[in-house]
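Summary of the model geometry
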Amino acid sequence: MGILDGFPIPPDKDYLRDELSRIDESWAAARFDSLPHVVRILTSKDRDGEVQILKDQSDVVEDVVDEVVHAYHSGFNKAIQNYSQILRLFSESTESIGVLKVDLAEAKKHLGARNKQLHQLWYRSVTLRHIISLLDQIEGIAKVPARIEKLISEKQFYAAAQLHVQSSLMLEREGLQTVGALQDVRSELTKLRSVLFYKVLEDLHAHLYNKGEYSSVASSVHEKDDEVPTTTAVAFTANTSQPVSRRTRTVKGDGQFGSQGLVDGPYRPGSIDGGSSYDGHDEDGSLEPHDDNTLDGHAVRLNGGDGKDVKVISRQIPLWLLDSTPDEFVETIKKSDAPLHVKYLQTMVECLCLLHKVAAAGAVISQRLRPTIHEIITTKIKAHAESINSSRSGIDKAPRAGTTSLHFMKAQLERYQLPRQKRQNGISLAGTLLAVSPVSPVMAPTGKAQAATKELLDSILDSVVRIFENHVVVGELIELKSSLQSDINTPKSLSAGVNLDCEASQVTGGYSIGFSLTVLQSECQQLICEILRATPEAASADAAVQTARLASKVPTNEKRDGSEDGLTFAFRFTDATISAPNQGVDLIRQGWSRRGPNVLQEGYGSAAVLPEQGIYLVASVYRPVLEFTDRVASMLPRKYAQLGNDGLLAFVENFVKDHLLPTMFVDYRKGVQQAISSPAAFRPRAHTSVSYASSIEKGRPILQGLLAIDFLAKELLGWAQAMPKFAVDLVKYVQTFLERTYERCRTSYMEAVLEKQSYMLIGRHDIEKLMRLDPASACLPNAFGQSNARNIASDAESIEVESELSELLLNLRPIKQENLIRDDNKLVLLASLSDSLEYLADSIERLVQTTPQTSNHVESGKPSHTRTSSSPARDLASFADEYRKLAIDCLKVLRVEMQLETIFHMQEMTNREYLENQDAEEPDDFVISLTAQITRRDEEMAPFVAGVKRNYIFGGICSIATNASIKALADMKLINLFGVQQICRNSIALEQALAAIPSIDSEAVQQRLDHVRTYYELLNMPFEALLAFITEHEHLFTAAEYVNLLKVQVPGREIPPDAQDRASEILSH
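Residues numbered from 1 in each chain as written. Predicted model: local features only at pLDDT ≥ 70, side-chain atom pairs only at ≥ 80, totals over all residues. Heavy atoms only, no water.

1. Structural notes on the overall build of the protein chain
The following threshold applies: Secondary structure elements are taken from DSSP: a helix is a run of H or I of four residues or more, a strand is a run of E of two residues or more, and numbering for both begins at the N terminus. Should any heavy atoms of two residues lie within 4.5 Å, those residues are considered in contact. Working definition of accessibility: Shrake-Rupley area with a 1.4 Å probe, residue cover restricted to the visible protein chains.
Within the protein chain, the secondary structure is distributed over 41 helices and 0 strands. Across the protein chain, contacts joining residues at least 24 apart in sequence account for 80% of those joining residues at least 6 apart. Accessible area for the protein chain stands at about 53,200 Å²; split by element, carbon and sulfur atoms hold 53% of it.

2. Examining the pattern of salt bridges
For the record, the criterion: Think of a salt bridge as a Lys or Arg side-chain nitrogen and an Asp or Glu carboxyl oxygen that are within 4 Å of each other. Relative accessibility under 20% of the residue-type maximum defines a buried residue, over 50% an exposed one, and the middle range a partly exposed one, all with a 1.4 Å probe and only protein chains included.
What the rule picks out here adds up to 26 salt bridges. The residue R40 makes a salt bridge to E50 at a minimum N-O spacing of 2.7 Å. Placement of R40 in helix α2 (residues 35-42) and of E50 in helix α3 (residues 47-113) is noted, with a sequence separation of 10 residues between them. A relative accessible area of 36% means that R40 is categorised as partly exposed. By relative accessible area, which is 21% here, E50 ends up partly exposed. Among the ionic pairs, R937 bridges to D824, the shortest N-O distance being 2.9 Å. Taken together, the residues R937 in helix α34 (residues 925-941) and D824 in helix α32 (residues 824-850) connect sequence positions 113 residues apart. Both residues of the pair, R937 and D824, belong to the buried class.

3. Observations regarding the layout of surface pockets
Note the threshold: Buried and open spaces are told apart on a 1 Å grid over the protein atoms alone, a cavity being a set of points where a 1.4 Å probe fits but cannot get out and a pocket being an open set with protein on both sides within 12 Å along at least five of seven lines. Residues with an atom within 4 Å of a point are the lining residues. Grid points are joined across faces, edges and corners, and a volume is the space filled by probe spheres set on the points.
Estimated volume of the largest pocket: approximately 1,300 Å³. Residue lining of the largest pocket: 45 residues in total, with I799, E802, S959, A1004 and R1008 positioned closest to the centre. When contributions to the lining of the largest pocket are tallied by element, the ones reaching two or more residues are α31 (795-810), α33 (870-906), α35 (947-954), α36 (956-968) and α38 (1002-1017).

4. Quick look at α36
We apply this condition: Each residue after the first adds 1.5 Å to the expected span of a helix.
Across its 13 residues, α36 extends 18 Å between first and last C-alpha, which sits within 8% of the 18 Å expected from 1.5 Å per residue. Among the 13 residues in α36, 11 count as buried, and that is most of the element. Those residues of α36 that fall on the buried side of the exposure criterion are G956, I957, C958, S959, I960, A961, T962, A964, S965, I966 and A968.

5. A look at empty space enclosed by the protein
Stated precisely, the cut-off is as follows: Under the scheme applied here, ten amino acids are nonpolar (Ala, Val, Leu, Ile, Met, Phe, Trp, Tyr, Cys and Pro), four are charged (Asp, Glu, Lys and Arg), and all others, including Gly, are polar.
In this structure the tally under the stated criterion is 8 cavities of 30 Å³ or more. In this structure, the second largest cavity is lined by 14 residues; those nearest its centre are M906, S965, I983, N986 and S987. Residue assignment for the lining of the second largest cavity shows that the elements contributing at least two residues are α34, α36, α37 (977-995) and α38. Examining the composition of the lining of the second largest cavity, we find that 4 residues originate from one element, α37, more than from any other. Considering only residue class, the lining of the second largest cavity consists of 10 nonpolar, 4 polar and no charged.

6. Quick word on the confidence of the model for the protein chain
Filter applied, for reference: Every residue carries a pLDDT, the predictor's confidence in it, which falls somewhere between 0 and 100.
Across the protein chain, pLDDT averages 75, with 72% of residues at or above 70. The low-confidence segment residues 783-787, where pLDDT is below 50, has 11 contacts with residues more than four positions distant or belonging to other chains. Here residues 854-870 is modelled with pLDDT under 50, and outside its nearest four sequence neighbours on either side it reaches 33 contacts, counting other chains as well.

7. Focus on the side chain of E1041
Convention followed: Residues scored as charged are limited to Lys and Arg (positive) and Asp and Glu (negative), so that His and the chain ends carry no count.
Within the secondary structure, E1041 is located in helix α40 (residues 1039-1047). No salt bridge is formed by the buried E1041; its nearest oppositely charged neighbour, K967, is found at 5.3 Å. Those residues within four positions of E1041 in sequence are excluded, and the remaining contacts are I966 and Y1015.

8. Thoughts on the environment of M635
For M635, the position within the fold is in helix α24 (residues 618-635). When the C-alpha positions of M635 and E469 are compared, they lie 7.1 Å apart, and in sequence the two are 166 residues distant.

9. Looking at the packing of α34 against α35
A pair of packed helices can be characterised by two numbers: the angle between their axes and the separation between those axes. Let me state the cut-off plainly: Fitted lines through C-alpha atoms give the axes, limited to the stretch in contact for helices. The angle between two N-to-C directions lies from 0 to 180 degrees. Oblique is the label for any angle not under 35 degrees, not over 145, and not in the 65 to 115 range, which are roughly parallel, roughly antiparallel and roughly perpendicular in turn. Handedness of a crossing follows from how the near helix is turned relative to the far one, being left-handed for an anticlockwise turn of less than a right angle and right-handed for a clockwise one.
Contact pair α34 / α35: the axes reach a minimum separation of 11 Å and the direction vectors enclose 155°. By the angle between their axes, α34 is roughly antiparallel relative to α35. Handedness of the α34/α35 crossing: right-handed. Touching I934, R937, D938 and M941 of α34 are R950, I953 and F954, all from α35. Of the residues that constitute the contact of α34 with α35, the class distribution is 4 nonpolar, no polar and 3 charged.

Shown next, in the form of structure tokens:
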């Protein structure tokens, strides 16, 4: 930036800027030092030239100065003129002030002379003004009773309370206390205070129990009504999505209603000058309600406008506060986001606070709580019964009454897979099974009584929760306001003239959140006892223990005021005595609460709704109570948190643990004992169908005892699903009953096989191993319900296993008849027992999958200690394995028994000589006996076992008969051609008997017995032909069997001495 920047240099003299820029900056320094310049000129060679340069620069500076002076000359002149004008004005002002001082001094002299007269006039004007104000106030107060009555009739209770408090305060002001004309007004206000208190209390009581105009239930109904003002609809719909606990937090947070309601105690009307005198907002004073224009304009704003207006309207004053004087409470209500019914409850409590009736109201609410809840529950039950009766009005009662049990029976049979058919003897198996159950079909876990009980309790407990939500709001406000009012020092002037009630210092009059919850839960507990038919003595005995335990707890600092003495939940059947203040007692005497606390209450009439009542209905009570407890705990303040844990749920759980579970164990143990000890329990069902049915619905002949046990086990686990917390105990009951049933099945099994050879054989390790490897065992499930097919050996190994097993059994000869099971009924029992055990094992495995996994409900506020029922489930699975093992043992015994029967009959071949003299027309007697026995036993077992199991039972006969027939030749000495024909005839008869069994492979039987016939027909060949056959079919028979063909004597056949050597030589190659 240059030193000429900003100077007014004309464009034609821009050269001055260039010239001036060449001047050294040292000439413009603040402290100019000329010595260096003088020295420079004196030492310069051209002194004149240097001097000339300085002169030229001086000329340039002078030209610049001339231009600047020329440019600013007019401005300098104007500034000088302005300074001159200012100086003139200051001089004139000085002269005027001097004159004013002289005038003021003269005025002071004149006023001093009239001072006393002016003071008297001013005092008189103030007195007249005060008198006029008092007259205006007297005129306004005279109209107050009528205004209060009008506000009460319009349900503008808060405005009426404001007006009453303001009027009472004005009557106590100096100057109005001695006015005799106002005595009647004072009397009227005293009466109106009581009237207003009753009206507020009645409205509060109605809204506490959701019967008021602004209750949550009523609001949800009116929400759909077009005639309802937008204030009501918007204020409710904007907040219904909030959780319950939010409402209580709203009361705590937004409930600080300013100095009027909570801090300063009585209502103190504000004045313009801040003094003690009362000045209204208009000419008639603030006692006047809003005029009609204001109300109409407000209504237009509420009902008109678009969406933007709705957002503004939602913050407008509620309808019940339209006539109230604006104050901090009204502003707080306008700004609050609480639901509509919560705002109304807050307003009613604020009215009681203004009237100093909080304690009295608490006493009356406490006295009315139990009879009101009792009446609500009874009314709801009656309404429920009427709705049920009306729904049935169009149905023919006679057919319906006759088909109710049948309809339920059908559902039970479908659920438990019971046969819907009747036995031919006319006895219904389903009826027999249901007879062993300790509960009727209606009371079963899925019965009508259970469903009706749950529906009824859900409805009633939901109403109780809604009521308790209101009590939480009111209880917190009453406790808060009572504690604040008790700390306020009431002015002496008020206490001297106004008859304040002594309950203002009595905290809450016995009412608290804890007390209301105690009574609510007590009434619900009485209803549950009626449903369960539980005696009050039993419930009270449990309650006494719990009450003593709760009473021993040390109270916290929050409960030092003694207002929570009734918090411990005792399961009472009579009300606790409430020490109400004097006025509360007077209210009771006046008849506001017509039912005393100790009046005996009648029943609830639940029998009209429920098909049946009894202790087993606690299963349908448990879950509604659990949900009720969770909802109550979510809305309880923190200091009452423990109260929710020791309430109704604790009673129900104790009742289940102390009464239901022992009763259930005894009842079901009796049912199990009856099921397994009756004569028909393990008796195969007579007159069954010819073929086996695979399902219960089609008539699967499960033993009646085991079918009953399956029914009882499923019913017990049905209770476990209804009460998951006690699932472990109930599963243990099932385990106990299954264990007893298994012992009874084992006993029945042992009675059939005791000291029998077949039973002892299957216990031998070698035979058991071979039977497991036997190809026929593929149809048997192993201990874990899986197939044994992967344990089966290859074909070559299978033949070897079968041969080895036959060898072991044939070595047992001779078989004695007393070692066999000769009673066919026992064999049929084993077959039926095997199928029934397998059915029960499958059913148990299905039950394991449906067993509740969580047996311990985590209560709110308590640490989670989850205990699963995985161990009981594994125990149930182990029972399934045990039942299946026993079923397999029954099948093994039957298979071995039929093989031993075959050996017993076939061993007769070694005791006779087959030297027949004619062709065989009939098989041997022992073969006839064997085939008849096979046919008879197959027919008797056919209805009780599946086809694959029949194949397993009778499938071992063919191999044993084949091996026995071939090996019998070694014990024969003589046999002729007719004897060979007889043996072939025996094999044909046996083949026909086995082929008649549908489940047996007839081709395999034919192949095996053809092998026997081929073997014996070799006896008809000459020796040389036999050698040729041996050469061609070296492996068709064993070497020992070929040798036996040469050893036996056949008339007409010549055998050389070296026959065995020649045959051995052929077989050795």
